[in-house]
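Residue-level structure breakdown
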Amino acid sequence: MPFARRMLVEERRWLSAEEFTEILSLCQLLPGPNVVNVAVCVGTRYRGAWGAFAAFAGLMTAPFFIILALGALHTQYGHLPAVSASFRGISAAAAGLVVAMGFKMATSRRLRSGMALFAVITFIGIALMRLPLVVFLLGAAPLSVAAAVWRRK
Amino acid sequence: MSEETLAQLAMDFSALSLIAVGGAITVLPEMHRSVVEVHGWMSGAQFADLFALAQAAPGPNILVVSLIGWKVAGLAGAVVATAAVCGPSCVLTFAVSRIWQRFRGARWRAAVEDGLVPVTVGLMLAGGYLITRSADHSWPAFAITAVTAAVVLATRIHPLWLLGAAGLLGLAGWV
């Protein structure tokens with residue numbers, strides 16, 4: 001995302017800093033990876049549907065083939081003791097990145113203090129009770145939004 | 001692999017697409033449930049490996065679904081899974097980005113945001129919990145997870161350095 005910001009705002013000047021923040025906050029609210037959504041929004045703004053498609057394809061094509069190549073290497077050599085040993089370390093660190101992202105988001109100002117209960121409920125329902133996500137969200141998300149509406153009154 | 005598998009990939013991942021607020025991490029628990037627990041396409045450890053690859057590679061983390069699709073049904077699987085997980089959310093973003101400007105400053109817009117953030121936080125923490133349980137099978141592994149999380153929170157170091165260092169520790173036989 002920092003790279004996307006530098007390219008869009010500083011190098012190409014397709015967006016002002018304010019426009020970028022505005023688009024990013026919308027994209028964080030919508031489903032899908034934020035950086036993909038930003039690409040789609042910017043593409044839409046400049047060239048409509050084809051712009052969105054071009055931005056998406058431009059963002060994803062190279063990483064798609066790179067990751068498949070890495071996947072192929074992993075399949076080919078993953079069973080070697082040295083590789084699988086390294087991967088035990090890499091996977092553990094990758095898990096740490098996810099944990100950090102969760103904590104970062106949990107302590108950000110975007111999480112209003114009175115709403116933390118819904119984060120706890122979500123964690124229990126999904127991580128501990130292993131409820132199917134769709135079923136859980138249909139129940140929890142409307143309740144959470146309703147609580148937020150009520151708190152704002 | 002059969003067309004049935006491709007159809008299953010398309011269905012499962014397009015359902016995930018519209019609930020992936022915040023990206024791949026939010027739907028990590030559900031991906032794990034579907035891929036490991038429901039379909040048994042791979043073990044938890046394999047899932048954790050693929051996710052680690054996606055974290056280390058350039059591009060959005062959501063590309064882990066390309067890897068999953070590829071593992072399950074080859075190149076066709078990769079294309080189908082990627083299109084399924086990106087298609088619906090991209091169409092929604094495209095549609096909303098054309099009308100959103102009109103609601104700038106609307107009060108319900110802020111309330112929707114306030115309401116969705118705690119659910120996203122819960123999902124991200126759940127994702128961290130589940131992927132840790134899949135990836136870590138020894139105390140040193142748990143220590144690496146904890147230290148990585150702490151370093152990311154405390155510093156601005158690029159995550160690739162941490163993945164690399166952890167890989168070296170693994171190579172040295174410590175994990």
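This is a predicted model, so every value here is computed, not measured.

Regarding the overall build of chain B
Counting its regular elements, chain B contains 7 helices and 0 strands. The N-to-C order of helical and strand elements in chain B reads α-α-α-α-α-α-α. If you line up chain B on its principal axes, its C-alpha atoms span 55 × 45 × 25 Å. Counting all 175 residues of chain B, 55% fall into the buried class. Residue pairs in contact within chain B that sit at least 24 positions apart in sequence constitute 61% of those at least 6 positions apart.

Brief notes about the packing of helix 3 (residues 44-56) of chain B against helix 5 (residues 107-135) of chain B
Two quantities define a packed helix pair, namely the angle between the axes and the distance from one axis to the other. All names here are of chain B. The contact between helix 3 and helix 5 brings their axes to 8 Å, and the two run at 115°. As judged from the angle between their axes, helix 3 and helix 5 are roughly perpendicular. Helix 3 and helix 5 meet at a crossing whose hand is left-handed. Contacts between helix 3 and helix 5 involve Gly44, Ala45, Phe47, Ala48 and Phe51 from the first element and Ile131, Ser134 and Ala135 from the second. Here the residues of the contact of helix 3 with helix 5 are counted per class, giving 6 nonpolar, 2 polar and no charged.

Describing the interface of chain A and chain B
In this complex, chain A contributes 75 residues to the contact, which on the side of chain B involves 88 residues. Looking at the side of chain A that touches chain B, the elements with two or more residues in it are helix 2 (17-29), helix 3 (34-77), helix 4 (81-106), helix 5 (116-128) and helix 6 (133-152) of chain A. Looking at which element gives the most residues to the side of chain A that touches chain B, the answer is helix 4 of chain A, with 23 residues. The residue makeup of the side of chain A that touches chain B, split by class, is 55 nonpolar, 14 polar and 6 charged.

Side note on the environment of arginine 151 of chain A
Its location among the elements puts arginine 151 of chain A in helix 6. Once the C-alpha coordinates of arginine 151 of chain A and valine 40 of chain A are considered, the two residues, 111 residues apart in sequence, prove to be 33 Å apart.

Section: the environment of alanine 85 of chain A
Residue position: alanine 85 of chain A is located in helix 4. Accessibility expressed as a C-beta count within 10 Å gives 18 for alanine 85 of chain A, which makes it partly exposed. For the pair alanine 85 of chain A and leucine 68 of chain A, spaced 17 residues apart in sequence, the C-alpha to C-alpha distance is 21 Å. Not counting chain neighbours up to four residues away, the residues in contact with alanine 85 of chain A comprise Gly170, Leu171, Gly173 and Val175 of chain B.

Notes on the confidence of the model for chain B
All names here are of chain B. Per-residue confidence for chain B gives a mean pLDDT of 90, with 98% of residues at or over 70. Within chain B, helix 6 (residues 139-154) carries the highest mean pLDDT (95), whereas helix 5 carries the lowest (86). For this predicted complex, the interface score ipTM comes out at 0.83, while the overall pTM is 0.82.

Considering helix 6 of chain B
Helix length check: helix 6 of chain B, at 16 residues, gives a terminal C-alpha distance of 22 Å against a target of 22 Å (1.5 Å per residue), a fit within 8%. By the burial criterion, the buried members of helix 6 of chain B are Ala141, Ile144, Thr145, Thr148, Ala149 and Val152 of chain B. The buried residues of helix 6 of chain B all sit within an arc of 125° when viewed along its axis, so they share a single face. Every exposed residue of helix 6 of chain B that faces more than 90 degrees away from the buried side is listed here: Trp139 and Ala154 of chain B. Looking at the buried residues of helix 6 of chain B, the elements they touch are helix 4 of chain A together with helix 5 and helix 7 (159-171) of chain B.

Some words on the domain arrangement of chain B
Many authors give the size of an interface as the accessible area that is lost as the parts come together. All names here are of chain B. Here chain B is described as being made up of domain 1 (3-135) and domain 2 (136-175). Computed from C-alpha coordinates alone, the two centres of domain 1 and domain 2 are separated by 24 Å. Taken together, the contact between domain 1 and domain 2 spans 5 residues of the former and 5 residues of the latter. At the level of elements, helix 3 and helix 5 are the ones that each hand at least two residues to the side of domain 1 that touches domain 2. Split by residue class, the side of domain 1 that touches domain 2 holds 2 nonpolar, 2 polar and 1 charged.

Conventions adopted
- Residues numbered from 1 in each chain as written.
- Chains lettered and ligands numbered in written order.
- Predicted model: local features only at pLDDT ≥ 70, side-chain atom pairs only at ≥ 80, totals over all residues.
- Helix = DSSP H or I, 4+ residues; strand = E, 2+ residues; numbered from the N terminus.
- Buried ≥ 20, exposed ≤ 12 C-beta atoms within 10 Å, placed from the backbone.
- Contact = placed C-beta atoms within 7 Å.
- Axes fitted to C-alpha atoms, helices over the stretch in contact; angles between N-to-C directions.
- Parallel < 35°, antiparallel > 145°, perpendicular 65-115°, else oblique.
- Left-handed = near helix turned anticlockwise from the far one by under 90°.
- Nonpolar A, V, L, I, M, F, W, Y, C, P; charged D, E, K, R; others polar.
- pLDDT = per-residue confidence, 0-100.
- Expected span 1.5 Å × (residues − 1).
- Arc of directions from axis to C-beta.
- Domains from an automatic or database assignment.

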